[in-house]
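Summary of the model geometry
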Amino acid sequence: MEKQRLWDETWLQFADMMAERHSKCASKSVACVIVKDEKPISIGLNGTPSGHTNCNEIFLKRDDGFYKRAEYVRDETIDLMEPAVQLVHEGVTFVKCHDPYEHHNWSKQHEIHAEINAIGKLAADSTNAFGATAYVTHSPCHACSLALIASRVARVVYAVGYEHGDGLDLMRESGIEVVHMPLEKSYKNTL
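Now for a quick tour of the structure. The structure displayed is predicted, hence computed values, not measured ones. (Residues numbered from 1 in each chain as written. Predicted model: local features only at pLDDT ≥ 70, side-chain atom pairs only at ≥ 80, totals over all residues. Heavy atoms only, no water.)

Attention shifts here to the packing of aromatic side chains. Each aromatic ring pair is specified by the distance between its two centres and by the angle formed by the two planes. By the definition in use, this model includes 4 aromatic pairs. Residues W11 and F14 carry aromatic rings whose centres are separated by 6.0 Å and whose planes lie at 90° to one another, so their mutual orientation is edge-to-face. A residue pair is termed a helical-turn pair when its members lie 3 or 4 positions apart in one helix, as W11 and F14 do in helix α1 (residues 2-22) at 3 residues. F14 sits in the partly exposed class, given a relative accessible area of 25%. Where F59 meets F66, the ring centres are 6.4 Å apart and the plane angle is 85°; that geometry is what we call edge-to-face. Residue F59 shares its accessibility class with F66, and that shared class is buried. Three or more aromatic residues joined by ring pairs form one cluster here, namely W7, W11 and F14. (Phe/Tyr/Trp six-rings, centres within 6.5 Å; stacked < 30°, edge-to-face > 60°. Helix = DSSP H or I, 4+ residues; strand = E, 2+ residues; numbered from the N terminus. Buried < 20%, exposed > 50% of the residue type's maximum accessible area, 1.4 Å probe, protein only.)

Over its 21 residues, α1 extends 30 Å from the first C-alpha to the last, a length consistent with the 30 Å expected when each residue adds 1.5 Å. Taken together, the buried positions of α1 are D8, E9, W11, L12, Q13, A15, D16, M18 and A19. Buried residues in α1 make contact with β1 (31-36), β2 (39-45), β7 (133-138) and β8 (155-160). (Expected span 1.5 Å × (residues − 1). Contact = heavy atoms within 4.5 Å.)

Two faces belong to every sheet, and in a regular strand the side chains alternate between them. Most of β8 is tucked away: 5 of the 6 residues are buried. Where β7 and β8 come together, 5 bridges link them in parallel fashion. Paired with H138 across the bridge in β8 is V160. Handedness of the β-α-β unit built from β7, helix α4 (residues 142-151) and β8 comes out right-handed. Pairing geometry for β8 and strand β9 (residues 177-180), over 4 bridges, is parallel. Bridge pairing in β9 links V157 to V179. (Pairing = 2+ DSSP bridges. Right-handed = clockwise from strand over helix to strand, strands pointing away.)

Here it is as structure tokens:
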């Protein structure tokens, strides 16, 4: 049992590191690493399809909300009654989004979740996830939970609860072992 916990922690930390270093989402950096027979067989990140504009090229997240690159702001999204709040980041002008869900709605239309990307890569390689473990930085949403169920993974280990992660009970009902394992942000040996 201790050996399994250490491997779970190792793969989840790897997923966390991949998300932090390589995700192109301005809001949440998410990764899914699928491991089978002690080997990683697929890695997926949240983001747009290859060749498409990434979320972090349009949006900037700050403590007070999301900002959008000025050239992407259309006249109909500007509130004429309230002056636009702007900031300059790395030489680029951003305008504060009046709609707090603007990024979320854009993301739903353009981005693919990490779990779907990981499963898609397996399908492209004619590899299967039967009996594998999916290590995900955030708990899977309903759609990703359905995809994980369909791919026949045996276990899902996640670090952080996702506010739209309502698929945990669904996976449990389907016989998938679901493990919540909060991570410390240190990749050093914690023994």
